[in-house]
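# Examining the three-dimensional arrangement
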Amino acid sequence: MKSIQRIFAIFWRQMLLLKGNAFRPLNLFYFSALELFLWGVLTLYLDRVSGSGLHFVPLVLGAVIMSSFMSRVVFGVSASFLEDVWTRNFINLFSSPLSLHEYILGFVAVAVVESLVSVGFIALLAWALLSYSIFSFGFLLIPFAAVLFAFGLAVGIVATAVVLRFGPSAEMVVWSIPPLLAPFSAVFYPLSALPPFLQKISFFIPATHVFEGMRAVVRAGSFDARGFVIGFGLALLYCAAAYLLFCRSYRSVLRRGLFARFATE
């Protein structure tokens, strides 16, 4: 019971930060809505001028929404950690009985809420402005979202571990990893469009299997069960590896007495 209370305390603190500053909630909506609008207008234009017979709206907008969902999961974990770094609160938290897994689970809860709110907003926006519904995928949204959520958690925890290990000056890693992964995840184009050596790298990125699977559903009406299993297995493996990396970074910082830099840098 005490463990659940501590997890909820980490979660509720982040919710209070959103409530206490009118500009913080904008991060949940602004960038996702801007990306949706830009790609939405472009896909509508391509549908009008293209003679290929392809329907770009369902091919692209679904990927935009799900890519935004994964990014919100990443930032839900890593940006929550940065809040503790910026407010010099990190040392205070770990002077308490709070354990590492409780700390991470609190951020997982934050990621769940923020990603659902954000993706719900842009899905509604896509329906209202562009007449596109992400729910056209039906129940297949669940496995797609599950893979992206697990992979987003892994990426967020890795970014957190890097900042923990190298100090606040490494926070640029948090903002740079999702854009770095996008070109290799085949978000807006098929995996076959990449050079062969990059295709081998992309195969080991769980998000690739999701976006390839979404295109298969739109174009052929089939669900790639093998791709889902591979993607979900990789995502779970990366989650476990990311947590071990975070624990190792924590022990290294603790052993070397580097916690003080989170109160000074």
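Residues numbered from 1 in each chain as written. Predicted model: local features only at pLDDT ≥ 70, side-chain atom pairs only at ≥ 80, totals over all residues. Heavy atoms only, no water.

Topologically, Phe 144 is positioned in helix H6 (residues 141–166). Phe 144 gets classed as buried once you look at its relative accessible area, which sits at 3%. As a C-alpha pair, Phe 144 and Ile 7 span 137 residues in sequence and 27 Å in three-dimensional space. Those residues in contact with Phe 144, other than ones at most four positions away along the chain, are Met 66, Phe 137, Val 210, Gly 213, Met 214, Val 217 and Phe 223. (Helix = DSSP H or I, 4+ residues; strand = E, 2+ residues; numbered from the N terminus. Buried < 20%, exposed > 50% of the residue type's maximum accessible area, 1.4 Å probe, protein only. Contact = heavy atoms within 4.5 Å.)

Next up on the list: the layout of surface pockets. There is about 710 Å³ of room inside the largest pocket. Lining the largest pocket are 29 residues, and of these Asn 27, Phe 31, Arg 72, Phe 75 and Trp 175 lie nearest its centre. Sort the elements by how many residues they give to the lining of the largest pocket and helix H3 (residues 56–86) lands first, with 11 residues. Here the lining of the largest pocket is built from residues that sort into 15 nonpolar, nine polar and five charged. Approximately 190 Å³ is the volume found for the second largest pocket. The wall of the second largest pocket is formed by Ile 65, Met 66, Phe 69, Leu 116, Val 119, Gly 120, Ala 123, Ile 134, Phe 135, Leu 141 and Ala 145. (1 Å grid on protein atoms, 1.4 Å probe; cavity = no way out; pocket = protein on both sides within 12 Å on 5 of 7 lines; lining within 4 Å. Points joined across faces, edges and corners; volume = space filled by probe spheres on them. Nonpolar A, V, L, I, M, F, W, Y, C, P; charged D, E, K, R; others polar.)

On inspection of all chains with the given rule, the structure shows two cavities of 30 Å³ or more. In this structure, the largest cavity encloses a volume near 50 Å³. In this structure, the largest cavity is lined by Phe 144, Val 147, Pro 206, His 209, Val 210, Gly 213, Phe 223, Asp 224, Gly 227, Phe 228 and Gly 231. At the level of elements, H6, helix H9 (206–220) and helix H10 (225–255) are the ones that each hand at least two residues to the lining of the largest cavity.

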